[in-house]
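Listed here are the chains, written in short residue letters.
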Amino acid sequence: MTSQTTLAKPGQEPGEPDRPDSSGGLQAGLKNRHLSMIAIGGVIGAGLFVGSSAGIAAAGPAILLSYAMVGLMVVLVMRMLGEMAAARPSSGSFSAYADRALGRWAGFSIGWLYWFFWVVVLAVEATAGAKILESWIPGVPQWAWALIVMVVLTATNLVSVGSYGEFEFWFAGIKVVAIGAFVVIGFLAVFGFLPGSDHAGSGLAHLTDSGGFFPEGPGAILTGVLMVVFSFMGSEIVTLAAGESSDPQRAVSKATNSVIWRIAVFYLGSIFVVLTLLPWNDPSIVEKGSYVAALDVIGIPHAGQVMDFIVLTAVLSCLNSGLYTASRMAFSLGERGDAPKAFAKVNKRGVPQAAILSSVVFGFVAVFFNYQWPDTVFQFLLNSSGAVALFVWLVICFTQLRMRGIILRETPGKLVVRMWLFPYLTWATIAMISFVLVYMLTDDAAREQVVPSLLVAALVVGISLFREMRSRKAVAK
C-alpha cells in the first residue's frame, strides 16, 4: 500500500482542509450527480420505512407535528453546518470544525462518538438486510447474508470513492423514486382520483375521526419526537462527502438549500399519506408496517414484497453510507493525530484503506454480538449510541457560534451560505435540542438510551482531556 501526504498550500493554515486534494491524498472522485443523490437520499433512512409505525401508534395523527419539529431542528442544524462546510470543506466536517472552534477535546470527542454511532449502525443494517434476504432465499442462513452484504459493500468502498458514489447514486435513486411515487399515488387515492383503486377516497377525515388529532393528548407529540429523531440522522453525510468532490462549495450550498423540501416531501408528505389513507389506530399499521398497510388499502398488489425490496434498498444505502462515513471520520481523526496515523494514509486510488478496514472490523464484531448476545452486549451498544445524533447537532450549534467569527476574520469571501438570524436562531436551536435531551430523561424508554449515551460521551471526553493534559506536560518538559 502506498501513501500520499500533502503540505499545506500557500495561504492555507497547516491542518486546515480546504480543497479535496489537500486533505491527505483523498481524491475528488465524486461527481455532481453523486452528491446530489447523496444529499437527497441522506434524509431517507431505513428508519423512516420501518420505524414510523411505532410513532403513529404512540401519537396518532399528531405524529405529523413530531416529524415537523424534528424536521425544523434538522433544517436549522444543516444550515449551520452548511455555512461551515461551504467555507471549509473537510472529510472530518463538524468534528474538524469543533476541533478548530471549541478545542481539540471537542473535535476528538464528537469525532469518535460519531464513528462509534455509524459502526453500530453497520451491524443493525446488515442484520436487517440479512433478515429480508433470508426470507427470499431461506437456504442461506441469516448470518451468511449479513457477512455477504458487509463484504460486498466493503469491497465497493475499497475500490474507489467513485464506486461508493455510484452505488449510493442508484440505491438513493430507488429510495427517492419509491417514496415520491408513494406520495403521488397516495394523494390521488386520498382524494379518490386513483383509477382502479380499492380506496373510495376519504379525504382528510382520518386525521380526526378516531379520537381527534391528539388522541393520546398533546404530550404525545414529545413522545413522538423521541421516537422519530434518530430516523433523521444522515443528513450531514453530504458535508463529509463534499470534501471528495471537484466543487465542494457548490455541492454543500445546493444540499443546504434543498433540505427543507426534502424533509417536507419525504417525511411529512409520506406520513401524511399514511394517516389520511387509514385510521391511525388501524391494527395493520403495526402488524404490517405503515407503508405496507397504506399500499394494501389502495389495492397495490404484492405490497409487502414491494416494500421489502424498497426497505432492502434503504438498508443497503444506509450500510454503504455508514461505512463511508465512519471511514472518513476515522481518516480525519488520524489526520489530526486523534487516531492511529495509519488511518490518515490512502492508497494509490485515494482510498483510506486502513480507516475502512478498521471500521468494518468493528462492524463485523458488532454483528457477532448481535447474534451471540442480542439482549445484553449488543443492546448496550445500541443504547450507548442512541443519543449521539442529538450530541452531534448540539456540537454543530456551539461550533457555528465560534466559527462564524473565525471565517469572517480569515476568509470572509467564503461565507456564501449564512445561518438565518444569527445568532438568535442558533441559540434557539440549542435550546430545542437541550430540551429534547432533558425530556428524554423523564421518559422510561428514552432514558435507557440517553443515560448510556451520556456515560460513553463522558468517557470519551475524559479520555480527550487526559490526552490534552498529558500533551501539555510533555511540552512543558
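Look above for the structure.
### So, unusual backbone geometry
- Cis geometry is found at the peptide bond from F422 to P423, where omega equals 0°.
- Take P423: it is sitting in the loop between α16 (388-410) and α17 (424-440).
- The phi dihedral of S93 falls on the positive side, at around 45°, and the residue is not glycine.
- Residue placement: S93 occurs in helix α4 (residues 93-101).

### A closer look at the pattern of salt bridges
- Considering all chains together, one arrives at ten salt bridges under this definition.
- When the shortest N-O distance is used, the salt bridge between E410 and R100 registers 2.5 Å. One end of the pair, E410, is in helix α16; the other, R100, is in helix α4, with 310 residues separating them in the sequence.
- For E410, a relative accessible area of 30% translates into the label partly exposed.
- In this structure, D444 and R447 form a salt bridge, with 3.1 Å as the shortest nitrogen-oxygen distance. Of this pair, D444 and R447 are both found in helix α18 (residues 444-476), three residues apart, which corresponds to roughly one turn of the helix.

### Quick word on helix α10 (residues 248-277)
- When the terminal C-alpha atoms of α10 are compared, their 41 Å separation across 30 residues agrees well with the 44 Å that a helix rising 1.5 Å per residue should span.
- When the local axis directions of α10 are compared, the greatest deviation, roughly 45°, occurs at S258.

### A few points about the packing of aromatic side chains
- For the structure shown, the criterion picks out 21 aromatic pairs.
- With centroids separated by 4.8 Å and ring planes inclined at 90°, the aromatic side chains of F94 and Y114 adopt a geometry described as edge-to-face. One end of the pair, F94, is in helix α4; the other, Y114, is in helix α5 (residues 104-136), with 20 residues separating them in the sequence.
- Between F232 and Y267, the ring centres sit 4.1 Å apart and the planes meet at 15°, which makes this aromatic pair stacked. Taken as a pair, F232 in the loop between α8 (220-228) and α9 (237-241) and Y267 in helix α10 lie far apart in primary sequence, 35 residues in all. An identical accessibility class is assigned to F232 and Y267; each is buried.
- Clustering of aromatic rings is evident, with ring pairs tying together F94, Y114, F117 and W118.
- Here R404 stacks its cationic end above the ring of F422, 4.3 Å away from the centre of that ring.

Basis of the calculations
Residues numbered from 1 in each chain as written. Predicted model: local features only at pLDDT ≥ 70, side-chain atom pairs only at ≥ 80, totals over all residues. Heavy atoms only, no water. Helix = DSSP H or I, 4+ residues; strand = E, 2+ residues; numbered from the N terminus. Salt bridge = Lys/Arg side-chain N within 4 Å of Asp/Glu carboxyl O. Buried < 20%, exposed > 50% of the residue type's maximum accessible area, 1.4 Å probe, protein only. Expected span 1.5 Å × (residues − 1). Bend = angle between axes of the 7 residues up to and from the residue. Phe/Tyr/Trp six-rings, centres within 6.5 Å; stacked < 30°, edge-to-face > 60°. Lys NZ or Arg CZ within 6 Å of the ring centre and 35° of its normal.

In short, geometric facts, not functional conclusions.
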